[in-house]
Amino acid sequence: MTESDRPLLDVQDLVVEFPVRGGAFRAVDGVDFHVRAGRTLGIVGESGCGKSTIARALVRLTTPTSGRILLGGTDIARLGERALRPLRPRVQMVFQDPYGSLDPHLSAADIVAEPLRLRGVRSKAERRRLAAELIDQVGLPATALRRRPAEFSGGQRQRIGIARALASRPEVLVCDEATSALDVSVQAQVLALLRELQREHGLTYLIISHNLGVVREISDDVLVLRRGRVVERGPAERVLTAPEHPYTRALRSAALDPSAMRGRKPRHLVAAASEPVEGASS
Ligand SMILES: Nc1ncnc2c1ncn2[C@@H]1O[C@H](COP(=O)(O)OP(=O)(O)O)[C@@H](O)[C@H]1O
Ligand SMILES: [Mg+2]
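Residues numbered from 1 in each chain as written. Chains lettered and ligands numbered in written order. Predicted model: local features only at pLDDT ≥ 70, side-chain atom pairs only at ≥ 80, totals over all residues. Heavy atoms only, no water.

(A) Up close: the overall build of the protein chain. A count of helical and extended segments in the protein chain gives 12 helices and 10 strands. Pairs at least 24 apart in sequence give 63% of the contacts found in the protein chain among residues at least 6 apart. Surface accessibility of the protein chain: about 14100 Å² in total, with carbon and sulfur atoms responsible for 49%. (Helix = DSSP H or I, 4+ residues; strand = E, 2+ residues; numbered from the N terminus. Contact = heavy atoms within 4.5 Å. Areas by Shrake-Rupley, 256 points an atom, 1.4 Å probe, with all protein chains shown as cover.)

(B) Spotlight on the sheet that holds strand β6 (residues 91-94). The 6 strands lie next to each other as β6-β7-β8-β3-β9-β10, forming an open sheet whose pairing is mixed. Strands with a single pairing partner mark the edges of an open sheet, and in this sheet they are β6 and β10 (229-235). Each adjacent strand pair in this sheet contributes to an overall mean axis angle of 20°, direction not counted. Relative to strand β8 (residues 204-208), strand β3 (residues 40-44) is paired through 4 bridges, and the arrangement is parallel. By the bridge assignment for β8, Gly42 is matched with Ile207. Where helix α1 (residues 51-58) meets the sheet, it contacts β3, β6, β7 (172-176), β8 and β9 (221-226), and its direction lies at approximately 150° from that of β7. Contacts from helix α7 (residues 184-201) reach β3, β7 and β8 within the one sheet, and its direction differs from that of β8 by about 160°. (Pairing = 2+ DSSP bridges. Axes fitted to C-alpha atoms, helices over the stretch in contact; angles between N-to-C directions.)

(C) Quick peek at the pairing of β10. Sheet topology places β9 next to β10; 6 bridges connect them, and they run antiparallel. Within the sheet, the bridge partner assigned to Leu223 lies in β10 and is Arg233. The antiparallel hairpin formed by β9 and β10 contains 2 residues in its connecting segment, where Arg227 sits at a positive phi of about 45°.

(D) Focus on the pattern of salt bridges. Applying the stated criterion across every chain, the model contains 13 salt bridges. With a shortest N-O distance of 2.8 Å, Glu81 and Arg88 are connected by a salt bridge. Overall, Glu81 belongs to the partly exposed group, its relative accessible area being 42%. A salt bridge links Glu237 to Arg216, with the shortest nitrogen-to-oxygen separation between them at 2.9 Å. (Salt bridge = Lys/Arg side-chain N within 4 Å of Asp/Glu carboxyl O. Buried < 20%, exposed > 50% of the residue type's maximum accessible area, 1.4 Å probe, protein only.)

(E) How the structure looks around unusual backbone geometry. Within the chain, Arg169 stands out as a residue other than glycine whose phi angle is a positive 50°. Tracing the backbone through its elements, the reader meets Arg169 in the loop between α6 (154-166) and β7. With phi around 50°, Glu177 is a residue other than glycine that occupies positive phi space. On the secondary structure map, Glu177 appears in the loop between β7 and α7.

(F) Representation of the environment of Arg119. Mapped onto the elements, Arg119 comes out in the loop between α4 (108-118) and α5 (124-137). Separated by 50 residues in the primary sequence, Arg119 and Arg169 have C-alpha atoms spaced 8.9 Å apart. The contact partners of Arg119, leaving out residues within four places of it in the chain, are Leu130, Ala167, Ser168 and Arg169.

(G) Representation of the sheet that holds strand β1 (residues 9-20). Ordered in space as β2-β1-β4-β5, the 4 strands form an open sheet in which the pairing is antiparallel. Of all strands in the sheet, those bounded by a partner on one side alone are β2 (23-35) and β5 (74-75). Direction of pairing for β1 relative to β2: antiparallel, over a ladder of 10 bridges. If you follow Val11 over to β2, its bridge partner there is Phe33. In the packing of α1 onto the sheet, the strands contacted are β1, β2 and β4 (66-71), and the crossing angle to β1 comes to about 115°.

(H) Representation of a nonpolar patch on the surface. Together, Phe18, Val20 and Phe25 make up a nonpolar patch on the protein surface, roughly 260 Å² of accessible area in all. Secondary-structure assignment places Phe25 in strand β2. (Patch = residues over 30% accessible without salt bridge, like charges linked within 9 Å, V, L, I, M, F, W, Y side chains within 5 Å.)

(I) Here's a closer look at the side chain of Gln92. On the secondary structure map, Gln92 appears in strand β6. Excluding residues within four positions of it along the chain, Gln92 makes contact with Val59, Ala165, Ser168, Pro170, Val172, Leu173 and Val174.

(J) Just the environment of Leu182, in detail. Its place among the elements puts Leu182 in the loop between β7 and α7. The buried category is assigned to Leu182, whose relative accessible area is 12%. In sequence terms Leu182 and Ser153 are 29 residues apart; their C-alpha atoms lie 9.5 Å from each other. Ignoring anything within four residues of it in the chain, the contact list for Leu182 reads Gly154, Gly155, Gln158, Gln187 and Val190.

Shown next, in the form of structure tokens:
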């Protein structure tokens, strides 16, 4: 296998369990996938299927119960914090809710400069210069630097979240429902930005969304997750236009149903599942 064929991210038999009364709940149940450098993998599935748990495992906000997460050949699945620290910048996350993930008391400049400090950029002037560069890269005006999160629109806040993630010079960006809270037109702009940044920096993406349209627009390959397991995978275009698995087909017809867009559980999706689908938070 040549260097360029080797996946940058190679996830093998990933299991994440959460303790519950009387045992463990298996939120991720033996998931495998890999992503080559510069490519985009989409992960779709309805609320509660384990998407965010996978995302959190990849950036090691969660320690998997078992399995391997090979990042450039190094298994980071169960590494201790000390060994993890130098690797953390390489995989960064853009969260769904920029309100919750951006410190409301800090200016955009400080939010973006924080990872620069962690990256070892000692000079404050240099951090300011780099923060300004990042803010510009995500399409915000220089005046954005001194404003606080509450002074921005949702789309602008998401751009700050992206700039902050880029400040660590990551190889892999995990976007967990990063555009889900945005209006359709703003969503399209943020997706265009992500594509542009990928071209410029050769970034590798994991795009997680319950929105099949978003995933189809940006992904090379896609993984369909149901109750912590992969039920279908393949090129995004094929899986999302001509799905083979009944669950993917149900997801697809649910996406065409406006009630699904308002976050309600579409009835035919429940009907398509062999057992009732539990309600779960996204
Ligand atoms: N910290 C936790 N403790 C217990 N259960 C959790 C925890 N985090 C997630 N879960 C459960 O794991 C399942 C998957 O959740 P999640 O990964 O957030 O799904 P998704 O992002 O696909 O909506 C859900 O049933 C959720 O309730
Ligand atoms: Mg989620």
